[in-house]
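# Fold and geometry: a report
Each chain, written out:
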Number of protein chains: 2
Amino acid sequence: MDRKRTTIEDVARAAGVSRQTVSRAINDLGEISPRTRARVLRIAEEMGYRPSSIARGLATRRTRTLGLVIPDVANPFFSDVARGAEHEGYAGGYNVFLCNTDEDPERELAVLRSLEEKRVDGVVLCSSRLDDDELRQVVARQSAVVLVNRRLEPARAENGVGTVMLDDVAGGRMATQHLVDSGHRAVGFLAGPLASRSGRSRAGGYRAACAAADLPYSPAWTIPCPAGVDGGHQAARDLLTARLELTALFCYNDLVAVGALRACADLGRQVPDDLALVGFDDIMLAALVTPPLTTCHVPRYELGAQAMRLLLNQIGDCSKEANQNSEAEQNPCAEIVLRPELVVRASAP
Amino acid sequence: MDRKRTTIEDVARAAGVSRQTVSRAINDLGEISPRTRARVLRIAEEMGYRPSSIARGLATRRTRTLGLVIPDVANPFFSDVARGAEHEGYAGGYNVFLCNTDEDPERELAVLRSLEEKRVDGVVLCSSRLDDDELRQVVARQSAVVLVNRRLEPARAENGVGTVMLDDVAGGRMATQHLVDSGHRAVGFLAGPLASRSGRSRAGGYRAACAAADLPYSPAWTIPCPAGVDGGHQAARDLLTARLELTALFCYNDLVAVGALRACADLGRQVPDDLALVGFDDIMLAALVTPPLTTCHVPRYELGAQAMRLLLNQIGDCSKEANQNSEAEQNPCAEIVLRPELVVRASAP
DNA sequence: AGATAATCCGTGAGCGCTCACGGCTCACGG
DNA sequence: CCGTGAGCCGTGAGCGCTCACGGATTATCT
């Protein structure tokens, strides 16, 4: 069953040249005449030769392989991020290991460890659940790291970690602002899980917008909830029955907003006439429920793609020559901040 | 920057033993006293030693790495499959390469090739767009393969390829049957892309159910369409305006069904009273639109998980001893068929 | 013409591990 | 007393490739 694979040696023998010449042919790095190169390539092709990345990696100390660590592929948010990262990585000639952590820090550590053993050239780490110390260690051990939706202080450019963030504060503010602009004076906030960093940031934006508009803001208008439809359903029902003065709701994410939509149906409140609703994320679902949700679009694909690009630069700089424009053009350890964008639909016109 | 990593040699020296002893310690394969093992392990830990999977792979010819090839991670269908496969693989001690093909056969080939170079121990290949010949070659070159939603004849057990299929015919039949059972005599079919194998199978089930119920079946009641919301919207509008006798629609998938829902809104037809609708896949969206969709639930996670389990068996058998129950229990090259399940909701009660 | 440089190719060594050996020590029995 | 075997450990070779050399051949210049 384990038929021997054809090696570079085999090809060399068949072509009557040395291993090195074959190597030069397949890697296309000069020092070889076009004729022999073509000949060797042809023979290699005929023999069905596939150079072993394993052996190459051992010799080169580079694997042309990257790691992508995310909480869960099945979460549409992260699968979009993954897609962006994978695409960009592939374009740069890298393969990427996709690793789920299932939101479990234990497993995240394990995954990172195996990535280390695999000697990947770099890692994109999304929404890490690790604490700062653990994270710092991970960064120190890995040869290149880009963090997504997680910051690590000190983020001085020289600690070799790039960062890609979403501006959740701005998102929270613009969502709330939109509601205020349409005349709402009492807007509630379904805040999502207490542990969520992005939730806290969005809350910050929400409060800022309220303050800026001189709203009669009350902490009782904010209520935490699980991040899914049911969580939103429950929380919205509670909040809306307790706080009859509310005429609008800003929701942690679209799923929560859909839950709120249901609560409105339960309570007989028309959206958007009796209650305006705005969500967050702009997942596909948002446009398809009735009424379609006004929401903050977050560029998920871009999040992943930018992170990967940052990582590729970080790697490229070290192994190749210094880039033309030394650091003015692009600092690979920079922090990139992407802004969400409000998309107005029927739930809050 | 490329600080030397600590090798097995370093650990050996530090512990005053040979490399082999260190190797025995970390791999836990006898021939070593518990005391030295503990000591070596401690020292290795202190030094932050990480055995190189690369070097190990070269020596062992096994990488404990698998490939998972799917058209698109961002597609909720495949991301669930991916999740199932990744989970099961991880449980078996394997890491998995996630590869997108973007529905492009060219890229699928490229991806498979790089998987080959990476010397993965096996591959799960989903919904391959390759033709039979190409596919056969791929299977021949890879050390183990499991196909998902794609069959390859001859599927004799000894060609070393496992298969996991969804019973689309049964799905199409049960969906249609449900409509017929509720008294519909004229049910149309939004058939999805012409190129889709699953679409053809579902059509088969649809026709079978029609025939079994002695329906006045007409080819004009079937119309192909792109697989998304817009495709369904367009096609449903066309079909419903042209064919006023239709009282129910079976849709290729849930997105198409949602499109049909919109068409109904356009045309002022109430769902389910004026028109009943059933979808396929049971994506999250299906339960959240109004009215919620009756649909065929397909066990996506299971599809991936089963495929991975099949693959692990296939690999395990070769390298370890023959399994206890030789082939009665589980034939690793078997074909597993998963059945969809009808879930009844308001769109077709 | 000889000297210099370019072009092309081959030769060891080594990347970090495992595998198949073989050697050593210690206990036990005859 | 030595032989035997179990338990523990070390030694070379090799996995398939690349890297840094160095040699051979041909083109170019003074």
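These notes cover the structure that comes with them. (Residues numbered from 1 in each chain as written. Chains lettered and ligands numbered in written order. Predicted model: local features only at pLDDT ≥ 70, side-chain atom pairs only at ≥ 80, totals over all residues.)

Scanning chain A from terminus to terminus reveals 13 helices and 12 strands. Based on the C-alpha atoms only, the size of chain A along its principal axes is roughly 85 × 45 × 35 Å. Burial status across chain A gives 46% buried among its 349 residues. Of all intrachain contacts in chain A linking residues separated by at least 6 positions in sequence, the fraction that spans at least 24 positions is 69%. (Helix = DSSP H or I, 4+ residues; strand = E, 2+ residues; numbered from the N terminus. Buried ≥ 20, exposed ≤ 12 C-beta atoms within 10 Å, placed from the backbone. Contact = placed C-beta atoms within 7 Å.)

On to the protein's contact with DNA strand D. As a matter of local geometry, DNA strand D sits amid 26 residues, with Ile8(A), Ser23(A), Ala59(A), Ser18(B) and Thr21(B) nearest to it. Secondary-structure elements contributing two or more residues to the surface near DNA strand D are α1 (8-15), α2 (19-27) and α4 (53-60) of chain A together with α2 (19-27) and α4 (53-60) of chain B. It is α4(A) that contributes the most residues to the surface near DNA strand D, five residues altogether. In terms of residue class, the surface near DNA strand D is made up of nine nonpolar, 11 polar and six charged. (Near = placed C-beta within 6 Å. Nonpolar A, V, L, I, M, F, W, Y, C, P; charged D, E, K, R; others polar.)

Another point: the sheet that holds strand β10 (residues 294-297) of chain B. Residues and elements named next belong to chain B. Spatially, six strands are ordered β7-β6-β8-β9-β10-β12 in an open sheet, and the strand pairing comes out mixed. Single-partner strands in this sheet number two, and they are β7 (222-223) and β12 (341-343). Direction of pairing for β10 relative to β12: antiparallel, over a ladder of three bridges. Paired with Cys296 across the two strands is Leu342, which belongs to β12. (Pairing = 2+ DSSP bridges.)

So, on to the pairing of strand β5 (residues 161-166) of chain B. The side chains of a regular strand alternate between both faces of the sheet. Residues and elements named next belong to chain B. Most of β5 is tucked away: five of the six residues are buried. Here four bridges tie β5 to strand β11 (residues 335-338), and the two strands are oriented parallel to one another. Each bridged residue has a counterpart across the sheet, and for Met165 the counterpart in β11 is Val337.

What follows is about the protein's contact with DNA strand C. Every one of the 26 residues lining DNA strand C counts as a neighbour, but Thr21(A), Ile8(B), Ser23(B), Ala55(B) and Ala59(B) are closest to it. Residue assignment for the surface near DNA strand C shows that the elements contributing at least two residues are α2 and α4 of chain A together with α1 (8-15), α2 and α4 of chain B. Take the surface near DNA strand C: its biggest share by element is five residues, from α4(B). Each residue belonging to the surface near DNA strand C can be placed in one class, and the counts come to nine nonpolar, 11 polar and six charged.

A word on the sheet that holds strand β7 (residues 222-223) of chain A. Sheet strands associate in pairs through backbone hydrogen bonding, adopting either a parallel or an antiparallel arrangement. All names here are of chain A. The six strands are arranged β7-β6-β8-β9-β10-β12 in an open sheet whose pairing can be described as mixed. The open sheet has two free edges, formed respectively by β7 and β12 (341-343), since each of these has just one partner strand. Taken together, the four bridges between strand β6 (residues 187-190) and strand β8 (residues 248-251) define a ladder with parallel strand orientation. Considered in β8, the bridge of Val187 is made with Ala248. The sheet contacts of helix α8 (residues 168-181) involve β6, β8, β9 (276-281), β10 (294-297) and β12, and relative to β9 the element is tilted by about 160°. (Axes fitted to C-alpha atoms, helices over the stretch in contact; angles between N-to-C directions.)

Further remarks concern the nonpolar core. In this structure, Val124(A), Leu277(A), Val124(B) and Leu277(B) are the most contacted members of the largest nonpolar core, which totals 176 residues. Apart from residues no more than four positions distant in its own chain, Val124(B) is found in contact with Leu66(B), Leu68(B), Ala85(B), Val146(B), Val148(B), Ala307(B), Met308(B) and Leu311(B). (Core = buried A, V, L, I, M, F, W, Y, C linked by C-beta atoms within 7 Å.)

Moving on to the pairing of strand β1 (residues 65-70) of chain A. Residue and element names in this part refer to chain A. With respect to burial, β1 is a largely interior element, six of its six residues being buried. Burial of the side chains of β1 extends over both faces: Thr65, Gly67 and Val69 are buried on one face and Leu66, Leu68 and Ile70 on the other. Following the backbone out of β1, through helix α5 (residues 76-91) and into the adjacent parallel strand β2 (residues 95-100), one traces a crossover that is right-handed. Pairing geometry for β1 and strand β3 (residues 122-126), over four bridges, is parallel. Directly across from Leu66, in β3, lies its bridge partner Gly122. (Right-handed = clockwise from strand over helix to strand, strands pointing away.)

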